[in-house]
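Chains, contacts and geometry: an overview
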Amino acid sequence: MLKQLEPYSVTLVVRAISGQECGLLRMRRFGGSVASTVPTGSVSAGNVLGSLDRGLAVLEFIARRGEARLAELAKEMGTSRTTMFRVLETLRARGFAEHVAASHTYRLGPGARSLAAHATRSLIMRLAEPVMAELRNETGETINLVAVHGGRLVYEAVLEGGYAIRSLPSLGQTVAAHCSALGKAALALSPPAMCDVLLGPEPYERFNEHTITSRRDLELELAATRERGFALDEEENETGLS
């Protein structure tokens, strides 16, 4: 059932099988691709708004550097400090940049991070929703979509199933990779480097006597997951819940 997948072609599912929580990998090519954000150069120069273009260039520069000083930005953009200050203040007013008083630098603000998150989430949801809906209709189970954020698995979307007894995670909630069916399903086909990111150093956090805390034992469990085609959580995260 499990096989090597193309990027962005995995839907992670949590479903109940014989009273146990299971993580199932469902393969489907979404028929979409991630669009490049590199400018194509096809826009006529006469249609480019100079002030907006400069502001976007400032955001790109700050994003590459992490933080940047006013003088550095003015030199890079070929403008006076006064003009650059006004650009930065405009970006600050909209939440796209923020001033770090301690270091006298500017960095991306919450507005820029939120915009990026919405763009990514919209793309993922647009690609995943049809497959998630199909799985829910086929199984009657709750379907969960997770993504990797900062080395953690985070619930991005939840489609409720039709059964009275079901587990419903909250959007934005994190899930432990080493002791959840969903996490094991993700690890089962992930390359070693991604597994290292998701798992961190040993020993892994122990929630009860059933929790797997070593990489060796977990690798055995992941091999079994690949063999049978789905992952199990046998009270490893919470006693009485499987």
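Everything below is about the structure shown above.
Described in the following lines is the structure provided in the data block. (Residues numbered from 1 in each chain as written. Predicted model: local features only at pLDDT ≥ 70, side-chain atom pairs only at ≥ 80, totals over all residues. Heavy atoms only, no water.)

**A short note on the environment of Ser80**
Along the chain, Ser80 turns up in the loop between helix H2 (70–77) and helix H3 (81–93). Accessibility expressed as a relative area gives 38% for Ser80, which makes it partly exposed. Along the primary structure Ser80 and Leu70 are separated by 10 residues, whereas in three dimensions their C-alpha atoms are 9.8 Å apart. Of note is the side chain of Ser80, whose polar atom sits 3.0 Å from the side chain of Thr83. (Helix = DSSP H or I, 4+ residues; strand = E, 2+ residues; numbered from the N terminus. Buried < 20%, exposed > 50% of the residue type's maximum accessible area, 1.4 Å probe, protein only. Polar contact = N/O pair within 3.5 Å; in protein donor to acceptor, adjacent residues only side chain to side chain.)

**What about the packing of helix H1 (residues 50–65) against H2?**
Following both chains from N to C, one finds H1 and H2 inclined at 125 degrees, their axes separated by 11 Å at the closest point. Considering their axes alone, H1 and H2 lie oblique with respect to each other. The chirality of how H1 crosses H2 is right-handed. Judged by residue contacts, Ala57, Val58, Phe61, Ile62 and Arg65 of H1 engage Glu72, Leu73, Glu76 and Met77 from H2. Among the residues making up the contact of H1 with H2, the classes are represented as 6 nonpolar, no polar and 3 charged. (Axes fitted to C-alpha atoms, helices over the stretch in contact; angles between N-to-C directions. Parallel < 35°, antiparallel > 145°, perpendicular 65-115°, else oblique. Left-handed = near helix turned anticlockwise from the far one by under 90°. Contact = heavy atoms within 4.5 Å. Nonpolar A, V, L, I, M, F, W, Y, C, P; charged D, E, K, R; others polar.)

**Section: the packing of aromatic side chains**
With the rule as written, the count across this model stands at 0 aromatic pairs. Just above the ring of Phe230 sits the side chain of Arg228; from NZ or CZ to the centre is 5.6 Å. (Phe/Tyr/Trp six-rings, centres within 6.5 Å; stacked < 30°, edge-to-face > 60°. Lys NZ or Arg CZ within 6 Å of the ring centre and 35° of its normal.)

**Some words on the nonpolar core**
Note on soluble globular proteins: their nonpolar side chains tend to be buried together. Leu153, Ala177, Leu187, Leu199 and Leu218 are the most contacted members of the largest nonpolar core, which has 15 residues in total. At the level of secondary structure, the elements contributing two or more residues to this core comprise strand E6 (152–159), helix H5 (181–188), helix H6 (192–199) and helix H7 (215–228). Residues contacting Leu153, with those up to four places away along its chain left out, are Val146, Ala147, Val148, Gln173, Thr174, Val175, Ala177, Gly183, Ala186 and Leu198. Counting residues in each nonpolar core, the second largest holds 13 residues, with Leu73, Met84, Leu88 and Leu91 among its members. (Core = buried A, V, L, I, M, F, W, Y, C linked by side-chain atoms within 4.5 Å.)

**Topic: the packing of H1 against H3**
The interhelical angle for the contact between H1 and H3, taken along N-to-C directions, is 80 degrees, at an axis separation of 10 Å. When the interaxial angle is binned, H1 and H3 end up roughly perpendicular. Touching Arg54, Gly55, Val58, Leu59 and Ile62 of H1 are Thr83, Met84, Val87, Leu88 and Leu91, all from H3. Split by residue class, the contact of H1 with H3 holds 7 nonpolar, 2 polar and 1 charged.

**Quick notes on H7**
Note on helix geometry: an α-helix contains 3.6 residues per turn, so any two residues three or four positions apart are oriented the same way. Taking 1.5 Å per residue as the helical rise, H7 with its 14 residues ought to reach 20 Å, and the 20 Å between its terminal C-alpha atoms agrees with that figure. Buried residues in H7 make contact with H5, H6 and strand E8 (230–233). (Expected span 1.5 Å × (residues − 1).)

**Quick look at a nonpolar patch on the surface**
A cluster of nonpolar side chains, contributed by Leu49, Leu52 and Leu56, occupies part of the molecular surface with about 300 Å² of accessible area. Relative to the assigned elements, Leu49 resides in the loop between strand E2 (20–27) and H1. The class of Leu49 is exposed, set by a relative accessible area of 57%. (Patch = residues over 30% accessible without salt bridge, like charges linked within 9 Å, V, L, I, M, F, W, Y side chains within 5 Å. Areas by Shrake-Rupley, 256 points an atom, 1.4 Å probe, with all protein chains shown as cover. Salt bridge = Lys/Arg side-chain N within 4 Å of Asp/Glu carboxyl O.)

**As for the pattern of salt bridges**
A full pass over the atoms with the stated rule returns 10 salt bridges. Arg65 serves as the salt-bridge partner of Glu72, at 2.2 Å between the closest nitrogen and oxygen. The exposure class assigned to Glu72 is partly exposed, which follows from its relative accessible area of 28%. The salt bridge involving Asp196 is made with Arg215; its shortest N-O contact spans 3.0 Å. Of this pair, Asp196 sits in helix H6 while Arg215 sits in helix H7, placing them 19 residues apart in sequence. With relative accessibility at 18%, the residue Arg215 sits in the buried group.

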